[in-house]
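Now for the letters of each chain:
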Amino acid sequence: MEYDLLVRGHVLDPGQGLDGPMDVAVTGGRVTAVAPRLDAARARRVIDATAPGRHVVPGLIDLHTHVAHGAITPGVGMEGCDPDDIGVRAGVTTVVDAGSVGVANIGVFGAFIQPRARTRVVPFLNVGSHAHTMPSMVDVHDLAEIDRAAIARCVAANPGLVRGVKLRLVGPLVAERGKEVVAAAKDVAREHGVPLMVHIGDLSAHRRPEPERLTPVTRFAVDQLDPGDILTHLCTPNPGGATDMDAALIEARERGVILDAALGRGNFGHRVAREQRERGLPPDTVSSDLTLAGQGFHSLVECMAKFLAVGYDLPDVVRMTTANAARALGMGEELGAIAPGRAADLTILDVVAGDFAFVDTARETFHGTRALAPVHTVKGGELFAPGWGAHPWGWLPARRGHEVAP
Ligand SMILES: [Zn+2]
């Protein structure tokens, strides 16, 4: 047998401009051929993905998740998902852990999480030592919590573990001394030659005087970002959002900064997203910001459907979760495309027509006519069936009239 697996279906790989019926052959965990017609008799296993609405796309990459499952004590911090529940069992082959843990706990990824996961897990280090492990939603309460010496020891002792640095622009210290916090985080990222991911939008700022004090901090952060750095929560409606700095964002993107629209529960405004699209400011990437608390109603494929609902097209949202996300990880040569020689990471998903309802952070309902559901995941040539789905009824979003709060 020449091929371990042959997948026949409508290949949609916008990063390479592929959009049509195609066969994808896999051998030894790699894609070995992509052609309009290959000999299925030469394959040990064939996936017929030719059903109407079914698409074969590069393995989806979720650039912002929380998967430090087991590192965070239940009842104490913000718990992470099992990476495979939101990864290979959800049509996603690669997840970034966006700073769930800091230098105190990041060893959990190398020791337990990555060796067990079938999903590719890329950990970003929270610049604050304790991150999600403690009850506070704040990464840095005091500048002393950015421990450069400890981080340097961590990086030296664990080569390749820390793939990025994360900072959330959340909390009173950021409101008061935000520029210093941003500069310190940027220094850490620069020292270790990894991207800095900056979370904008602070829901808790409404409870403090002068929430508008965050705006110049966000503006400062945007200006500090280097090529390869990532701004996450582009479409947040919260204080500290980026709704009035299009020119700075466009300039940042032009120099190579990635604009990511992690949705999460707390940082997605459908009006913000719609208006940004109309003003010519689309996100580069769409990600989920999934934590354990969101796993029962929320998925990356549903985040993609929300962007369909605000006016993007299927190739746009697939590009944002494949080629663009791979490039954001500096893995554009390895991931995000269906091409010979690459890891055989594929997502087979159905595009389903319907009348769907979504609820955003401001508790506003909006509607869309298309949704996505994973059918099979192929990771490194291995097949995974999706789980039941993010809702009690499965993968598809709520139908109109059955809105569920985020
Ligand atoms: Zn997050």
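Everything that follows concerns the structure shown earlier in this document.
Everything numeric in this text was worked out from a predicted model, so none of it was measured.

Caption draft 1: Here's a closer look at the pattern of salt bridges. Evaluated as defined, the whole model comprises 24 salt bridges. Residue aspartate 187 is joined to arginine 148 by a salt bridge in which the shortest nitrogen-to-oxygen separation is 3.6 Å. Placement of aspartate 187 in helix α4 (residues 172–192) and of arginine 148 in helix α3 (residues 148–157) is noted, with a sequence separation of 39 residues between them. Between arginine 271 and glutamate 364 there is a salt bridge whose closest N-O contact spans 2.7 Å. Taken together, the residues arginine 271 in helix α7 (residues 270–278) and glutamate 364 in the loop between β14 (346–359) and β15 (365–379) connect sequence positions 93 residues apart. Using a relative accessible area of 48% as the deciding quantity, one classes arginine 271 as partly exposed. On the basis of relative accessibility, which here comes to 27%, the residue glutamate 364 falls in the partly exposed class. Taken together, the shared-partner salt bridges in this structure form one network comprising Arg148, Lys186, Asp187, Arg190, Glu191, Asp226 and Asp229.

Caption draft 2: Summary view of helix α2 (residues 107–116). Buried within α2 are the following residues: Val108, Phe109 and Ile113. Seen from one end, α2 has its buried residues packed into an arc of 80 degrees, which puts them on one side.

Caption draft 3: Broad picture of the environment of aspartate 139. On the secondary structure map, aspartate 139 appears in the loop between β8 (120–126) and α3. Put simply, aspartate 139 and serine 100 are 39 residues apart on the chain and 9.5 Å apart in space, counted from C-alpha to C-alpha. Here asparagine 126 takes part through its side chain, which lies 3.1 Å from a polar atom of the side chain of aspartate 139. Within polar-contact distance, the side chain of aspartate 139 engages the backbone nitrogen of arginine 168 at 2.7 Å.

Caption draft 4: Region of interest: the packing of α3 against α4. Contact pair α3 / α4: the axes reach a minimum separation of 11 Å and the direction vectors enclose 25 degrees. It follows that α3 is roughly parallel to α4 by the angle criterion. Along this stretch, α3 crosses α4, giving a crossing that reads as right-handed. When α3 is examined against α4, the residues Arg148, Ile151, Ala152 and Val155 are found in contact with a partner set consisting of Asp187, Val188, Glu191 and His192. Along the lines of polarity and charge, the residues of the contact of α3 with α4 split into 4 nonpolar, 1 polar and 3 charged.

Conventions we followed
- Residues numbered from 1 in each chain as written.
- Predicted model: local features only at pLDDT ≥ 70, side-chain atom pairs only at ≥ 80, totals over all residues.
- Heavy atoms only, no water.
- Salt bridge = Lys/Arg side-chain N within 4 Å of Asp/Glu carboxyl O.
- Helix = DSSP H or I, 4+ residues; strand = E, 2+ residues; numbered from the N terminus.
- Buried < 20%, exposed > 50% of the residue type's maximum accessible area, 1.4 Å probe, protein only.
- Arc of directions from axis to C-beta.
- Polar contact = N/O pair within 3.5 Å; in protein donor to acceptor, adjacent residues only side chain to side chain.
- Axes fitted to C-alpha atoms, helices over the stretch in contact; angles between N-to-C directions.
- Parallel < 35°, antiparallel > 145°, perpendicular 65-115°, else oblique.
- Left-handed = near helix turned anticlockwise from the far one by under 90°.
- Contact = heavy atoms within 4.5 Å.
- Nonpolar A, V, L, I, M, F, W, Y, C, P; charged D, E, K, R; others polar.

Note that every value here comes from positions in space, so none of it alone points to a role or purpose.
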